[in-house]
There are 4 protein chains.
Amino acid sequence: MIIILKQGAQKDKVHSLVHSLEESGLHINYSEGSHTTILGLIGDTSAVDTDQLAAMDIVEGVKRVSEPYKAANRKFHTDDTVIRIGRGAFGGGHFGVIAGPCSIESNEQIIEVAMKVKEAGASFLRGGAFKPRTSPYSFQGLRDDGIRMLLEAKKASGLPIVTEIMSLAHYDLFADVDIIQVGARNMQNFEMLKELGKCDKPILLKRGLSSTIEELLMSAEYIMSSGNTQIILCERGIRTFETATRNTLDISAIPLLKKLTHLPVIVDPSHATGIASLVPPLAKAAVVSGADGLMIEVHSHPAAALCDGAQSITPAQFASLMQSVSALAEIEHKTLF
Amino acid sequence: MIIILKQGAQKDKVHSLVHSLEESGLHINYSEGSHTTILGLIGDTSAVDTDQLAAMDIVEGVKRVSEPYKAANRKFHTDDTVIRIGRGAFGGGHFGVIAGPCSIESNEQIIEVAMKVKEAGASFLRGGAFKPRTSPYSFQGLRDDGIRMLLEAKKASGLPIVTEIMSLAHYDLFADVDIIQVGARNMQNFEMLKELGKCDKPILLKRGLSSTIEELLMSAEYIMSSGNTQIILCERGIRTFETATRNTLDISAIPLLKKLTHLPVIVDPSHATGIASLVPPLAKAAVVSGADGLMIEVHSHPAAALCDGAQSITPAQFASLMQSVSALAEIEHKTLF
Amino acid sequence: MIIILKQGAQKDKVHSLVHSLEESGLHINYSEGSHTTILGLIGDTSAVDTDQLAAMDIVEGVKRVSEPYKAANRKFHTDDTVIRIGRGAFGGGHFGVIAGPCSIESNEQIIEVAMKVKEAGASFLRGGAFKPRTSPYSFQGLRDDGIRMLLEAKKASGLPIVTEIMSLAHYDLFADVDIIQVGARNMQNFEMLKELGKCDKPILLKRGLSSTIEELLMSAEYIMSSGNTQIILCERGIRTFETATRNTLDISAIPLLKKLTHLPVIVDPSHATGIASLVPPLAKAAVVSGADGLMIEVHSHPAAALCDGAQSITPAQFASLMQSVSALAEIEHKTLF
Amino acid sequence: MIIILKQGAQKDKVHSLVHSLEESGLHINYSEGSHTTILGLIGDTSAVDTDQLAAMDIVEGVKRVSEPYKAANRKFHTDDTVIRIGRGAFGGGHFGVIAGPCSIESNEQIIEVAMKVKEAGASFLRGGAFKPRTSPYSFQGLRDDGIRMLLEAKKASGLPIVTEIMSLAHYDLFADVDIIQVGARNMQNFEMLKELGKCDKPILLKRGLSSTIEELLMSAEYIMSSGNTQIILCERGIRTFETATRNTLDISAIPLLKKLTHLPVIVDPSHATGIASLVPPLAKAAVVSGADGLMIEVHSHPAAALCDGAQSITPAQFASLMQSVSALAEIEHKTLF
């Protein structure tokens, strides 16, 4: 960490700052320039409060030079984390595909989709029971009933299931869910992250609409610092000025995250753009850019979907896409099962 | 609402769509152009699912022409909502000032600040007990103890108190809190909004970092649709490409929100930029742009603050700022008490 | 186009507006709702000024329902535009690769790179003579001399050349340049676009840092409306809140642009992120998402480059990348030569 | 400047880097930590190429700690630059108001507006002759004729005039223009900036839609480094995700720029939002946040304006606004004339 001092900072205040930092176990390197004087802090600075330093009247600015995350940092854990459930896995050369409808609507609907995506090659079934909708007047999901239907579909298809939690008050309903999803809007619901850090299920952590890559890793760090290290990161589009697509898929985040962390990284091309015809090209882009998996919305009748129909593809389109994904995964030396 | 049909949409499918929309009580206006055919939907379209329409293969696009919010809409409630507590109020010509430290650190600290901001003219005391911090290694707030200290300061100063809730699990601790704050990161924590819609306390709803003005109003609508209409909206800066300030204060949002909604609108210039020296000019800008109040971080020793010291001003700076605020509020025909 | 009228708009003013619009050759469809009345404008609205309509006191808003671009619109020109020069081509199933250094530094440097990228499979040589640099104190390019060196390298390698124009005052220097590049910062330099619309060389038009996909197409429309229809569009990253990469590559723009326009679309993964190690994965993502080509910075000694070394790959890395690009182009049924 | 080295960087390469930096006149401070080793560069680093350093295989990152601009930097020129023309001035306690129509449409129109805004208290007349429009099918300005009409209005009203240059090819037409405006889209048209740096007229430099505050100052530096130090900076809204307003006025930029530079800073509230009713509150916010002036679009019949009518206010509204501006300028100890 670097502290840039203000021009003309009083010597005694500087000495007292250096002294207090040294007392906290850091080694301080002092560099005086013509216009700028800097202090280099050597040692473990993850507990140093940059805000507090920046508030001092002798300080012009503070810059971190090392990453503020540890447990998620590949520098300290070079091997890929691999998350395996049933026949599917994410990370370490394994490519997992999660597919299913945005919302669970009925027993028949979810079972039908489950059987079809399984046949096409998906390893995991997704379906929303609790739905975060911008409007209170939109369909909010079947809630408890939805979870029950999803469990039926798990039994019928044999596919492990992934579904989103929106409140810790619903936690008990997730007992037989295989992967708990934290949605983009809850990526910085820190109280929830801490609690999920105590459970023994893998967490699918979606990047917030305006969260940086570093903030995504810090949210993973919240879960990991409570004990749970089974985390799958998911890029699902960020909010930008562009309005032609719902969000902007940050494809660069994939190879960058793979460099920064050992956790598996997957892509949700459905939410990223909100346009069904863009899902196949973006899913393919995800595979070749280094992703460890995909999460895709599939609905038998998109135009009748109770939510996000515009971004859902049909089972037939999904089956066709899976052939491309499969061919590309092979080129990338990734195993689909 | 407008539905734009694809070129060459099959007549029978169009007729069937028109028929089903009419059955739901809407009147449909059909306009056929050379390249574009549009359907105008007349009536209450707030329950119409635009996603579902957009997913139909004959539909090219769907555009709303009326606002999706009702309870918060000034068109249907022309008079300002006024929220009064103790000697302070927001809206309807009343200008309320909330001040206090980012975090509650000790009984002495919070009581000292409370007395000073009261003396300078604040009507409400703020202080964080539960702190949303990006890093799990940063100070997380004194939690239960913090709430207790804040209640002591309320008693000592007579000022009503405002503090942030981060989980419904802590709700019971807020029994004597006067205004419950929903932070930017929880603006779309819809399960929490629904529950807070059932309580009888005013809610201070902060705009999310990447939430549009319409989404802010839709989140207010969540609370209002559960019964609680006492909502104060707070602009606190949005996330943009600019890195010289922590966030970008969207000052235009103030006069725009005042036009769109009857709810009071306040500004938090401290979080908006993260730089103490910018707080006074932005606070003044808020007053003259039509805001109904301010929320300002004040700390007796910013450089020793356990959180966000860089954006806190001292009690002396706050007292000086309040003189300017007071003069400008008078010009704007707003009452401070 | 849709005009949304204000509540309580005076009947006579509305009639007079309808009358004047009809006089300009449009058919007007009038839909009166309980809270909202809308006018649907049927016919060619590309000459209608939305700003002027929006300024009327009876108008609440104006929304376009058809695209404002014509010449670039795929709806009116379904076949792909193909641009062929030498052995390379863009569009219509042809995939073109442009490679070379950010800046031309010497005769030896540019000839060496030219021979190497040709050998690795590039069809075009790039090199900057005029460099847009944020700082006036940074290297500004070799200018006239740079163009002369690039022409030498064209002769030596036989590769057609691409280079950026920064001012019409330099136009004569571009007589033997094969493709003229308009950089991101000049995408809305409309006076320059109009002039380039009069020349007979293909124009490589890069998307502005904060330009929407529609604005990019409108800038192409400027060139086309002056007569030149040989345009290659280039996605090179947009500016967002994310700071981990220099820009955010908008990969969704590729399949979307291919749907909206018949013009070829290429990707510049080097400028998109500014990080050399991300160039290969993003280049591959571009191929499978439907791009018609790539533009890649290659430098023999990145660390000694006079500009943008951090994003340049070496000739060896480029050769290796071309093998992957070649394999993926085949899967996508694209011809490299 | 700080260079962060990669873990395990070879000692000999580090020594050779340190040696070459020292040879260029810098003093190097070496700090070796457990995980991170940093080099502090002491001295004038404005000529150091960060890209080149970042491209070295032993370097993980490079961070500037001092501003890259010198001529515009308040650290080296503490006194305000004051720009005076006629009865108006910007900076050093002077508040200048520029008003007039977006586009010049006729002799009568521009003279009528000129007389009215002068009467209301404006010190400068604006009017666009060359108009940057997104669409080639929109009105492009009266060009040469427009400049001639503006000069007539200057003669008639006695007001100095401000108008935008879109190409150096038109430079001769600007001989009698008092302040030359560089529009947002040309803020990084570096070839134009260099040429304008050689002229003896004040330049009104508008911030680009997605340009950072530092980039705005670097563009000013381009002009200043060519000799012209008479620059007025103009904040006119930046592009963000918010679509309720055309752009987002970055009000924080005003006090921040005043701290960073000695150049005068003004605000254009008309382009910032594109909504006439928001112009007065934002103009007032500009005054109290420390701006040195305003630039406001005034049109006698906004609904008949050939460009940007939706954001223009009438002469009567302008006169009323000037009363508020005048009162606030007095409170801020600024002189209007």
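Analysis parameters
Within each chain, residues carry numbers counting from 1 in the order of the written sequence. By the order in which they are written, chains take letters starting at A while ligands take numbers starting at 1. A pLDDT threshold of at least 70 governs which residues receive local features in this predicted model, and a stricter bar of 80 or more applies before side-chain atom pairs are shown or counted, although totals over entire chains, interfaces and linings include all residues. As a rule here, side-chain values come from all non-hydrogen atoms in the structure, and water together with hydrogens is ignored. Note on conventions: DSSP H or I runs of at least 4 residues are helices, E runs of at least 2 residues are strands, and numbering of each starts at the N terminus. Buried, partly exposed and exposed residues are distinguished by accessible area as a fraction of the type maximum, computed with a 1.4 Å probe on protein chains only: under 20%, between the cut-offs, and over 50%, respectively. Contacts are residue-level and defined by heavy atoms, with any inter-residue pair within 4.5 Å sufficient. Only the protein chains shown count as cover for residues, and the accessible areas themselves come from Shrake-Rupley with a 1.4 Å probe. Charge counting treats Lys and Arg as positive and Asp and Glu as negative, with His and both chain ends excluded. Here the site of a charge means NZ on Lys, CZ on Arg, CG on Asp, or CD on Glu. When two components associate, each loses some accessible surface as probed by a 1.4 Å sphere; the sum of these losses over both components is called the buried area. In what follows, salt bridge is the name for a side-chain nitrogen of Lys or Arg lying within 4 Å of a carboxyl oxygen of Asp or Glu. Each residue is assigned to one class: nonpolar for Ala, Val, Leu, Ile, Met, Phe, Trp, Tyr, Cys and Pro, charged for Asp, Glu, Lys and Arg, and polar for all the others, Gly among them. UniProt positions are given in the numbering used here, feature names are shortened, and annotations may be inferred rather than shown by experiment. Strand pairing is assigned whenever DSSP identifies at least 2 bridges connecting the two strands. Lines fitted to the C-alpha atoms define the axes, with helices restricted to the stretch that makes contact. Angles between their N-to-C directions range from 0 to 180 degrees. For this analysis, a polar contact is any N or O atom pair within 3.5 Å, provided that within protein one partner can donate a hydrogen and the other can accept it, and provided that sequence-adjacent residues contribute only side-chain to side-chain pairs. Either an automatic procedure or a domain database provided the assignment from which the domain bounds are taken. Consider the strands pointing away from the viewer: the crossover is right-handed when the path from the first strand over the helix to the second runs clockwise. All copies are superposed by least squares; the fitting set is the C-alpha atoms of residues with a pLDDT of at least 70 in both. Given the number of residues in a helix, its expected span is that number minus one, multiplied by 1.5 Å. In this description, the arc belongs to the directions extending from the helix axis to the C-beta atoms.

- As annotated in an unreviewed UniProt entry, chain A carries the name 3-deoxy-7-phosphoheptulonate synthase and is attributed to Guopingia tenuis.

## Some remarks on the overall build of chain A
In step 1: Counting secondary structure elements, chain A contains 10 helices and 14 strands.
In step 2: Taking the principal axes of its C-alpha atoms as reference, chain A extends roughly 75 × 45 × 40 Å.
In step 3: Every one of the 337 residues in chain A was classed for burial, and the buried ones make up 65%.
In step 4: Considering only intrachain contacts with a sequence separation of at least 6, the fraction spanning at least 24 residues in chain A is 67%.
In step 5: About 11,000 Å² of surface is accessible on chain A, with carbon and sulfur atoms providing 49% of the total.
In step 6: With 32 positive and 38 negative side-chain charges, chain A shows a spacing of 3 Å between the two charge centroids.

## Digging into the interface of chain C and chain A
In step 1: Contacts between chain C and chain A engage 34 residues on the former and 34 residues on the latter.
In step 2: Carbon and sulfur atoms make up 73% of the surface buried where chain C meets chain A, a total of about 2,600 Å² over both sides.
In step 3: Linking chain C to chain A there are 4 salt bridges.
In step 4: Measuring nitrogen to oxygen at the nearest pair gives 2.8 Å for the salt bridge that ties lysine 284 of chain C to glutamate 332 of chain A.
In step 5: Every element with two or more residues in the side of chain C that touches chain A is listed here: α7 (253–260), α9 (279–288) and α10 (315–331) of chain C.
In step 6: Ranked by residues supplied to the side of chain C that touches chain A, first place goes to α9 of chain C with 5 residues.
In step 7: Among the residues making up the side of chain C that touches chain A, the classes are represented as 17 nonpolar, 10 polar and 7 charged.

## A few points about the UniProt feature "domain: DAHP synthetase I/KDSA" (unreviewed entry) in chain A
In step 1: In this numbering, the UniProt entry assigns the feature "domain: DAHP synthetase I/KDSA" (unreviewed entry) to residues 90–325 of chain A.
In step 2: Taken as a whole, residues 90–325 of chain A contains 35% helix and 15% strand, while its terminal C-alpha atoms sit 15 Å from one another.

## Concerning the sheet that holds strand β1 (residues 2–5) of chain C
All names here are of chain C.
In step 1: Strand order across the open sheet formed by 4 strands is β2-β3-β1-β4, with antiparallel pairing between neighbours. Pairing within the sheet leaves two strands with one partner each, and these edge strands are β2 (27–32) and β4 (59–63). On average, each strand axis in the sheet is inclined to that of its neighbour by 20°, with strand direction left out of account.
In step 2: Where β1 and strand β3 (residues 37–42) come together, 4 bridges link them in antiparallel fashion. Opposite isoleucine 4, over in β3, you have isoleucine 38 as the bridge partner.
In step 3: Sheet strands touched by helix α1 (residues 11–23): β1, β2, β3 and β4. Its angle to β2, the strand with the most contacts, is close to 155°.

## Here's the deal with the interface of chain A and chain B
In step 1: Contacts between the two partners involve 46 residues from chain A, matched on the other side by 46 residues from chain B.
In step 2: Carbon and sulfur atoms supply 49% of the area buried between chain A and chain B, which totals about 4,000 Å² over both sides.
In step 3: Inspection of the chain A/chain B interface yields 6 salt bridges.
In step 4: Linking glutamate 215 of chain A and arginine 239 of chain B is a salt bridge whose minimum nitrogen-to-oxygen distance equals 2.7 Å.
In step 5: Counting the contacts that link chain A with chain B gives 19 residue pairs in polar contact (both at pLDDT 80 or more).
In step 6: Among the elements of the structure, α2 (50–54), α5 (190–196) and α6 (213–225) of chain A are those that each provide at least two residues to the side of chain A that touches chain B.
In step 7: The greatest single-element share of the side of chain A that touches chain B, amounting to 5 residues, is contributed by α6 of chain A.

## With respect to the pattern of salt bridges
All names here are of chain A.
In step 1: Following the criterion strictly, the structure yields 83 salt bridges over all chains and no others.
In step 2: Between aspartate 268 and lysine 206 there is a salt bridge; the shortest N-O distance is 2.6 Å. In this pair, aspartate 268 sits in the loop between β13 (265–267) and α8 (269–273) while lysine 206 sits in strand β11 (residues 203–206), placing the two residues 62 residues apart along the sequence.
In step 3: Overall, aspartate 268 belongs to the buried group, its relative accessible area being 0%.

## Considerations on the domain arrangement of chain A
In step 1: Taken domain by domain, chain A comprises domain 1 (2–63) and domain 2 (83–331).
In step 2: A straight line from the C-alpha centre of domain 1 of chain A to that of domain 2 of chain A covers 43 Å.

## Focus: unusual backbone geometry
In step 1: A positive phi angle, close to 60°, is found at histidine 333 of chain B, a residue other than glycine.
In step 2: Within the secondary structure, histidine 333 of chain B sits in the segment after α10 (315–331).
In step 3: Classification of histidine 333 of chain B as exposed rests on a relative accessible area of 70%.
In step 4: The phi torsion at arginine 143 of chain C lies on the positive side, around 55°, for a residue other than glycine.
In step 5: Among the structural elements, arginine 143 of chain C can be located in the loop between β8 (124–126) and α4 (144–157).
In step 6: Residue classification places arginine 143 of chain C among the partly exposed positions, given a relative accessible area of 25%.

## Re the sheet that holds strand β3 (residues 37–42) of chain D
Residue and element names in this part refer to chain D.
In step 1: A sheet is described by the order of its strands in space; here 4 strands give the open sequence β2-β3-β1-β4, paired in antiparallel fashion. Looking at the sheet topology across the chains shown, the edges are occupied by β2 (27–32) and β4 (59–63). Averaged over all pairs of adjacent strands, the angle between strand axes in this sheet comes to 20°, irrespective of strand direction.
In step 2: For strand β1 (residues 2–5) and β4, the ladder comprises 4 bridges, and the chain directions are antiparallel. When the sheet's bridge partners are listed, isoleucine 2 is paired in β4 with lysine 63.
In step 3: Seen against the sheet, helix α1 (residues 11–23) touches β1, β2, β3 and β4 and runs at an angle of roughly 155° to β2.

## Structural notes on the pairing of strand β9 (residues 161–165) of chain C
On a regular strand, each side chain points to the face opposite its neighbour's, so the side chains alternate between the two faces of the sheet.
Residues and elements named next belong to chain C.
In step 1: For β9, the buried fraction is high: 5 of the 5 residues fall into the buried class.
In step 2: By the bridge criterion, 2 bridges tie β8 to β9 in an arrangement that is parallel. Each residue of the ladder has a partner; that of arginine 126, found in β9, is valine 162.
In step 3: Remark: the β8/α4/β9 crossover connection has right-handed handedness.
In step 4: Inspection of the sheet shows β9 paired to strand β10 (residues 179–182) by 4 bridges, in the parallel sense. Along β10, the bridge assignment pairs glutamate 164 with glutamine 181.

## A short note on the relation of the copies chain A and chain B
In step 1: When chain A is brought onto chain B, the operation consists of a screw motion whose angular component is 180° and whose axial shift is 0.0 Å, with 0.0 Å RMSD remaining. Such a combination of turn and shift is consistent with a two-fold rotation axis. Considering only C-alpha atoms, the part of chain A nearest the rotation axis is serine 210 of chain A, at 2.9 Å.
In step 2: The residues that chain A uses at the interface reappear at the interface of chain B in 100% of cases, marking a shared surface.

## A closer look at helix α4 (residues 144–157) of chain D
All names here are of chain D.
In step 1: Its 14 residues place the ends of α4 20 Å apart at the C-alpha level, agreeing with the 20 Å of an ideal helix rising 1.5 Å per residue.
In step 2: Those residues of α4 not exposed but buried are Gly146, Ile147, Met149, Leu150, Ala153 and Ser157. In an axial view of α4, the angular spread of the buried residues amounts to 160°, which keeps them on one side of the axis.
In step 3: Positioned one or two residues after α4, glycine 158 has a phi angle of 80°, which is positive.

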